Amino acid sequence: MELKFILESILFSAQKPLTPKELRDLLATAAEHGDAAKPFKKTKEADITAALEDLQKDHEAAQRSYRLACVAGTWQFASQPEFAPWIIALVGLKIRPSRLSQPALETLAIIAYRQPVTRAEIEQVRGVAVDGVMQTLVERGLVEQVGRAEVVGRPMTYGTTGLFLEYFGLRALEDLPAADELRRIPVIRPESLLTADPGLATATPEQLALAEVEGAPPPPATPPHPDAPQ
């Protein structure tokens, strides 16, 4: 019995897409329910992925009405788009979220290709404010906060989510179409935080310059008042 056919049977019966890790766990559990499953108990994720890719090629060559697809790192069987009219007649048309506007798509493209990226950097590339668009993308679950930039003010940085991959039917970010021109657009970042010494409080540029001239360590930075804005 081949591994790819075992995986095929699992995915045909699954109620949701499955990751290679979930499939590996299922193979381990199946060993408790029959001797035939024991040889696959310790199957590695890499072997599972290779078997799935092999199975994917088999279905592509067979030109069936369905295909094996990998979206956002999960595997599932999906109908070919050209058979949509008959499937819709059977199951009905599901209500889908409204389409993204052109400004939202432009902003999403900038984030996808340049992440992690700050809101100010996005606005530099687009040339317009993106407050409303960013709120929409975050609410739709396509974009999320991923950290803070190591520059003055520590602004929030944004990146795409797993739902973004699902929305566009992508296996991973590496499957995005080439967009070298978008990546090459220059963005001016604020100066990085200046510190007197690693791990110490931030010192002002004047303090650092004075210390360099006098050959003495700079004075410690004055911590902000508790009531001062952060």
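Residues numbered from 1 in each chain as written. Predicted model: local features only at pLDDT ≥ 70, side-chain atom pairs only at ≥ 80, totals over all residues. Heavy atoms only, no water.

## Some words on the overall build of the protein
Here is step 1: When you go through the protein residue by residue, the secondary structure sums to 10 helices and five strands.
Here is step 2: Within the protein, the proportion of its 230 residues that are buried is 29%.
Here is step 3: Excluding contacts between residues fewer than 6 apart, the proportion of contacts in the protein whose partners are at least 24 apart in sequence is 49%.
Here is step 4: Looking at the protein as shown, the accessible area adds up to about 15,500 Å², and 56% of this sits on carbon and sulfur atoms. (Helix = DSSP H or I, 4+ residues; strand = E, 2+ residues; numbered from the N terminus. Buried < 20%, exposed > 50% of the residue type's maximum accessible area, 1.4 Å probe, protein only. Contact = heavy atoms within 4.5 Å. Areas by Shrake-Rupley, 256 points an atom, 1.4 Å probe, with all protein chains shown as cover.)

## As for the packing of helix H5 (residues 102-114) against helix H6 (residues 119-126)
Here is step 1: Here H5 crosses H6 at 120°, and the two axes come no closer than 10 Å. Considered as vectors, H5 and H6 are oriented oblique to each other. For the crossing formed where H5 meets H6, the hand is right-handed. Where H5 abuts H6, its residues Pro103, Glu106, Thr107, Ile110, Ile111 and Arg114 lie against Ile122, Val125 and Arg126.
Here is step 2: Across the contact of H5 with H6, the residue classes break down as five nonpolar, one polar and three charged. (Axes fitted to C-alpha atoms, helices over the stretch in contact; angles between N-to-C directions. Parallel < 35°, antiparallel > 145°, perpendicular 65-115°, else oblique. Left-handed = near helix turned anticlockwise from the far one by under 90°. Nonpolar A, V, L, I, M, F, W, Y, C, P; charged D, E, K, R; others polar.)

## Topic: the sheet that holds strand E4 (residues 143-148)
Here is step 1: One open sheet holds the three strands; their spatial order is E3-E5-E4, and the pairing between them is antiparallel. The open sheet is flanked by strand E3 (117-118) and E4, the only strands paired with a single partner.
Here is step 2: Sheet analysis places E3 next to strand E5 (residues 156-160), joined by two bridges and oriented antiparallel. Across the sheet, threonine 118 pairs through a bridge with threonine 157, a residue of E5. (Pairing = 2+ DSSP bridges.)

## So, the packing of aromatic side chains
Here is step 1: All told, the structure shown has six aromatic pairs when counted by the stated rule.
Here is step 2: Judged by centre distance (5.7 Å) and plane angle (75°), the rings of phenylalanine 12 and tyrosine 66 are edge-to-face. With phenylalanine 12 in helix H1 (residues 3-13) and tyrosine 66 in strand E1 (residues 66-71), this pair connects stretches of sequence that are 54 residues apart.
Here is step 3: On the basis of relative accessible area, phenylalanine 12 is assigned to the partly exposed category, the value being 47%.
Here is step 4: Between tyrosine 66 and phenylalanine 77, the aromatic rings sit 5.8 Å apart at their centres with planes inclined by 80°, giving edge-to-face as the arrangement. Of the two residues, tyrosine 66 sits in strand E1 while phenylalanine 77 sits in strand E2 (residues 74-79), which places them 11 residues apart along the sequence. (Phe/Tyr/Trp six-rings, centres within 6.5 Å; stacked < 30°, edge-to-face > 60°.)

## Re the pattern of salt bridges
Here is step 1: Counted according to the given criterion, the structure contains 11 salt bridges.
Here is step 2: Here aspartate 58 and lysine 4 are joined by a salt bridge, their closest N and O atoms 2.6 Å apart. Within this pair, whereas aspartate 58 is found in helix H3 (residues 45-62), its partner lysine 4 is found in helix H1, the two being separated by 54 residues in sequence.
Here is step 3: On the basis of relative accessible area, aspartate 58 is assigned to the partly exposed category, the value being 31%.
Here is step 4: One salt bridge in this structure joins lysine 21 and aspartate 25, with 3.3 Å as the shortest N-O distance. Of the two residues, lysine 21 and aspartate 25 both sit in helix H2 (residues 20-30), four residues apart, roughly one turn of that helix.
Here is step 5: When its relative accessible area of 42% is taken as the criterion, lysine 21 is described as partly exposed.
Here is step 6: One network of salt bridges, with partners in common, ties together Lys21, Arg24, Asp25 and Glu45. (Salt bridge = Lys/Arg side-chain N within 4 Å of Asp/Glu carboxyl O.)

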